[in-house]
Amino acid sequence: MNRLTRHIAAASARRPRRTVAAWVFAAVLALALASTVGGSFVDDFVAPGSQSEKATDLLEQRFPDAADGSAQAVFAVPAGQRLDHHRAAVTAAVARIAEVDHVAAVASPFAAGTTSPDGRIGYAQITFDVPATDLGPGALTAISGAMRPARDAGVVTELGGDAAFINGEAATSGAEAIGLLAALVVLLLAFGTIVAALIPVALALITVAVGLGSVLLLANVLEVSSAAPTIGAMIGLGVGIDYALFIVARYRENRGAGQDNAAALSAAMATSGNAVVLAGGTVVAAMAALALTGLGFLTSVGLSTALVVVCAVASALTLLPAMLSLLGDRVDAGRVPGRRLHSPPESTVWWRFAHRVARRPWPYLILSVTVLLVLAAPALRLQTGFPDAGDDSPSSSSARRAYDLLAEGFGPGVNAPLLLVADLRSPGVDRDALTVLSDRVEADPGIAEVGDPRFSPDGDTAVLSMLPTTAPADDATSETLARVRGLVPGNVAVAGLTAMTDDLDRQLSDTLPIFIAAILAASFLLLMVMFRSIAVPLKAAALNLLSIGGAYGVVVAVFQWGWFGSVFGLEETYQIASPLPTIFFAVLFGLSVDYEVFLLSRIREEYDASGDNVESVARGLAGTGRVITSAALIMTVVFLGFVADPSPLVRMLGLGLATAIVLDATIVRMILVPAIMTLLGRANWWLPRWGGHPAPRPRAGVVEHG
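Enquirer: Teacher, can you tell me more about the packing of aromatic side chains here?
Expert: Describing an aromatic ring pair means giving the distance of the ring centres and the angle of the ring planes. All told, the structure shown has 10 aromatic pairs when counted by the stated rule. With 6.4 Å between their ring centres and 55° between their planes, Phe559 and Tyr574 make a pair best called tilted. You can see Phe559 sitting in helix 22 (residues 535-560) and its partner Tyr574 sitting in the loop between helix 22 and strand 11 (576-577), a full 15 residues away along the chain. Comparing Phe559 with Tyr574 shows no difference in burial state: the two are buried. Above the plane of the ring of Phe110 lies Arg87, whose end atom (NZ or CZ) is 4.4 Å from the centre. Stacked on the ring of Phe455, the Lys or Arg Arg431 has its end atom at 3.6 Å from the ring centre.

Structure follows, in structure tokens:
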């Protein structure tokens, strides 16, 4: 592999201007095509094989009108007033809504009786002529504009319901730019020169431009989740900067050791470039493994993020050597006063600290593991739920404000509508027995009301609307749904967004162990082949699980329990978004293995040269300490930039990833790795005969520590 990376880099470096021009052209072309012929994002919330999927498919085949999306135009007046005093303005708004494209029907709150008992809040039920997932934000924008007559009359107007939540355009915080500026400051401190610091940022921006443009083009042929660009950008910025950082640092180190530019670049690509390929491959494999969940939106997130990471690896192997070749000695231009460009290993804090840990490995090991277990403890009380409009910030979206008004006026269950779908061709309940079924379901304490049945044009399918007494993400709603499914006969199924997300939650819980096992197995094999060792991949898996567990615990403590919520601008507590543990594990495990690969590659180089276990660990830490610490700090500030995002899923992901990266780069890499490798000694590099060639034995005359 090192020969391949060296040859690819050399080919790019021989034609630097052509290579740079090709990447700039690719970025411009990808963005241009994405803005003109790029696809649209679709959030597929269907759990394959679930009851809600079967019910939805039945409606789409026989009763498409009942499968179409719906929303609520919510109207409210201040306390002490009545909405019917503004009847003319509300009626005018409803009439204008009826003229919007894709609106099949709209029912006035006064005609349909959908006003609150105190007369202050009402909603117009809107039915579309397409499913909610196919609607897009344009219709919602038009409906919001159509409600202007009511707003002009002083009536509060909001747009809520399933279609509004699914298709709402998420606001952005702009904190991502702050994260990039912070990353640039870290790079200045790490490299000590302005030009060297700018290279990774420029590379990351081009990588993300090409990657996200490609994701938008991918949306033409696949259903891509609306969360994919955000997560792809988050990971793309992080790995794009990190991969360039590792290679540039090794290149400058080689230059500092007296190598000319061409030799320094060739050696850097053969070592750090090789590590980038393997590290990027791990991230790609981890993200692609999201397809094992069987869920369309997670598969699209995984494939989209993997595509961005592939772009990051490709740019590091081709664009970066071309840029370094063009710059030559100018890579050290713009030196920051007071910063040393190169330091001998023995003068670094990492070398000294590694030897300190090696002298007393057991106390450091026990204390570090204890800290990580304490941080992970809250994860034992993790409660998951699928995000809904009630999880948005109250000030961030109309869907959230509509959600609150509806709950205030009609109870929390109005935001969790369900459908009973009866297949009258199959044995079970027939048309005459639907009333009995309705009464039986309505008698359940978790059901507020069941509507009258509606029949398909052929009369072979019946649909009954149903409202629970509790909110969509409430555990009681899930329990009610399970009881109702136990009450109905085999030819009746429950549909609706709340039922779909409940089925998704269950499928995610069921597939998570399989998903984790697959990633652990794949990473074990990859690291075993790379480092010719059994202990190294086992240690990596155990330590990564500890850091991931600690991050899970912090997310639970902050979001679910509300600890330090004000620090992160949280206005309330949240259940942990059910897709989070799966996405989080895939992303973090891949990134953690990145650091493992970069550190252990350097340790292995030193061990192959000296055979001294303790000294190779110390020199490996000294050679990568500043780079890994800088990379981790960059990742942290980039991820923390997403904590300001209005989406609870993105905020949880940002905080969790930032926490895990900090734990991984400090406790794991600085303390646990030297402690464990000291205790294992030569066993670090033991490999059975069936595994290939083992690590070389220490040379004669070399003292083996530990």
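Now that the structure has been shown, the text picks up again.
Enquirer: Can you walk me through the packing of helix 2 (residues 16-37) against helix 15 (residues 319-327) in this structure?
Expert: Helix-helix packing is characterised by the crossing angle of the two axes and by the distance between the axes. It is at 8 Å that the axes of helix 2 and helix 15 come closest, and there the two elements cross at 135°. The pairing of helix 2 with helix 15 is recorded here as oblique in orientation. In the packing of helix 2 onto helix 15, the handedness of the crossing is left-handed. Between helix 2 and helix 15, the residues in contact are Pro16, Arg17, Thr19, Val20 and Trp23 and Leu319, Ala322, Met323, Ser325 and Leu326, respectively. Grouping the amino acids of the contact of helix 2 with helix 15 by side-chain chemistry returns 7 nonpolar, 2 polar and 1 charged.

Enquirer: Just to check I follow, could you spell out a negative patch on the surface for this structure?
Expert: A cluster of acidic residues, Asp57, Glu60, Asp134 and Glu223, forms a negative patch at the surface. Among the structural elements, Glu60 can be located in helix 3 (residues 51-62).

Enquirer: Hey, could you run me through the environment of Met635 in this one?
Expert: In this structure, Met635 sits in helix 24 (residues 613-640). Setting aside its immediate chain neighbours within four residues, Met635 contacts Gly238, Val239, Asp242, Leu591, Tyr595 and Ile661.

Enquirer: Honestly, the pairing of strand 9 (residues 461-468) in this entry has me stumped. Any pointers?
Expert: The side chains of a regular strand alternate between both faces of the sheet. In terms of residue burial, strand 9 counts as a mostly covered element, since 6 of its 8 residues are buried. Examined bridge by bridge, strand 8 (residues 454-455) and strand 9 share 2 bridges and lie antiparallel to one another. Bridge assignment links Arg454 to a residue of strand 9, and that residue is Val463. Hairpin connection from strand 8 to strand 9: 5 residues lie between these consecutive antiparallel strands, with Gly459 at a positive phi of about 75°.

Enquirer: Just to check I follow, could you spell out helix 20 (residues 475-487) for this structure?
Expert: Under the 1.5 Å per step criterion, the end-to-end length of helix 20 is 19 Å for 13 residues, consistent within 8% with the ideal 18 Å. Taken together, the buried positions of helix 20 are Thr477, Ser478, Thr480, Leu481, Val484 and Arg485. Down the axis of helix 20, the sector holding all buried residues measures 160°, keeping them to one side.

Enquirer: What am I meant to see in a nonpolar patch on the surface here?
Expert: Taken together, the side chains of Phe25, Leu29, Leu33 and Val37 make up a nonpolar region of the molecular surface, amounting to roughly 350 Å² of accessible area. By the element assignment, Leu33 lies in helix 2.

Enquirer: Would you mind showing me how to read unusual backbone geometry here?
Expert: Trans is the prevailing form of peptide bonds, just as negative phi is the prevailing case for residues other than glycine. Look at His102: it is not a glycine, yet its phi comes out positive at around 75°. Secondary-structure assignment places His102 in the loop between helix 5 (87-98) and strand 2 (103-107). Phi is positive for Arg532, close to 50°, though the residue is something other than glycine. In this fold, Arg532 is placed in the loop between helix 21 (497-531) and helix 22. Judged by its relative accessible area of 28%, Arg532 falls in the partly exposed class.

Enquirer: Please clarify how the sheet that holds strand 3 (residues 121-128) should be interpreted in this entry.
Expert: The strands making up a sheet associate through hydrogen bonds between their backbones, and the pairing can be parallel or antiparallel. One open sheet accounts for 4 strands, arranged 2-3-1-4; its pairing is antiparallel. The outermost strands of the open sheet, each flanked by one partner alone, are strand 2 and strand 4 (156-160). Here the strands of the sheet are splayed against their neighbours by 20° on average, with no regard to which way each runs. By the bridge criterion, 5 bridges tie strand 1 (residues 70-76) to strand 4 in an arrangement that is antiparallel. When the sheet's bridge partners are listed, Ala76 is paired in strand 4 with Val156.

Enquirer: Would you take a moment to explain the side chain of Thr470 for this structure?
Expert: Residue position: Thr470 is located in the loop between strand 9 and helix 20. Among the polar contacts listed, one links the side chain of Thr470 to the side chain of Thr477, at a separation of 2.5 Å. Sequence-distant contacts of Thr470, defined by excluding residues within four places in its chain, comprise Pro412, Gly413, Ala416, Ala476 and Thr477.

Enquirer: Even after reading the chapter, I still don't get the pattern of salt bridges, so can you show me in this structure?
Expert: Where charged atoms of side chains with opposite charge meet at close range, the side chains can pair. For the structure shown, the criterion picks out 21 salt bridges. Measuring nitrogen to oxygen at the nearest pair gives 3.6 Å for the salt bridge that ties Arg82 to Asp84. Its salt-bridge partner being Asp332, residue Arg252 comes within 3.0 Å of it at the nearest N-O pair. Within this pair, whereas Arg252 is found in helix 12 (residues 228-256), its partner Asp332 is found in the loop between helix 15 and helix 16 (349-359), the two being separated by 80 residues in sequence. Since its relative accessible area comes to 4%, Arg252 is described here as buried. In the salt-bridge network here, residues are joined through shared partners; they are Arg252, Arg255, Asp329 and Asp332.

Conventions we followed
- Residues numbered from 1 in each chain as written.
- Predicted model: local features only at pLDDT ≥ 70, side-chain atom pairs only at ≥ 80, totals over all residues.
- Heavy atoms only, no water.
- Phe/Tyr/Trp six-rings, centres within 6.5 Å; stacked < 30°, edge-to-face > 60°.
- Helix = DSSP H or I, 4+ residues; strand = E, 2+ residues; numbered from the N terminus.
- Buried < 20%, exposed > 50% of the residue type's maximum accessible area, 1.4 Å probe, protein only.
- Lys NZ or Arg CZ within 6 Å of the ring centre and 35° of its normal.
- Axes fitted to C-alpha atoms, helices over the stretch in contact; angles between N-to-C directions.
- Parallel < 35°, antiparallel > 145°, perpendicular 65-115°, else oblique.
- Left-handed = near helix turned anticlockwise from the far one by under 90°.
- Contact = heavy atoms within 4.5 Å.
- Nonpolar A, V, L, I, M, F, W, Y, C, P; charged D, E, K, R; others polar.
- Patch = residues over 30% accessible without salt bridge, like charges linked within 9 Å, V, L, I, M, F, W, Y side chains within 5 Å.
- Areas by Shrake-Rupley, 256 points an atom, 1.4 Å probe, with all protein chains shown as cover.
- Salt bridge = Lys/Arg side-chain N within 4 Å of Asp/Glu carboxyl O.
- Lys, Arg positive; Asp, Glu negative; His and termini not counted.
- Charge placed at Lys NZ, Arg CZ, Asp CG, Glu CD.
- Pairing = 2+ DSSP bridges.
- Expected span 1.5 Å × (residues − 1).
- Arc of directions from axis to C-beta.
- Polar contact = N/O pair within 3.5 Å; in protein donor to acceptor, adjacent residues only side chain to side chain.

By themselves, these figures tell us nothing about what the structure is for.
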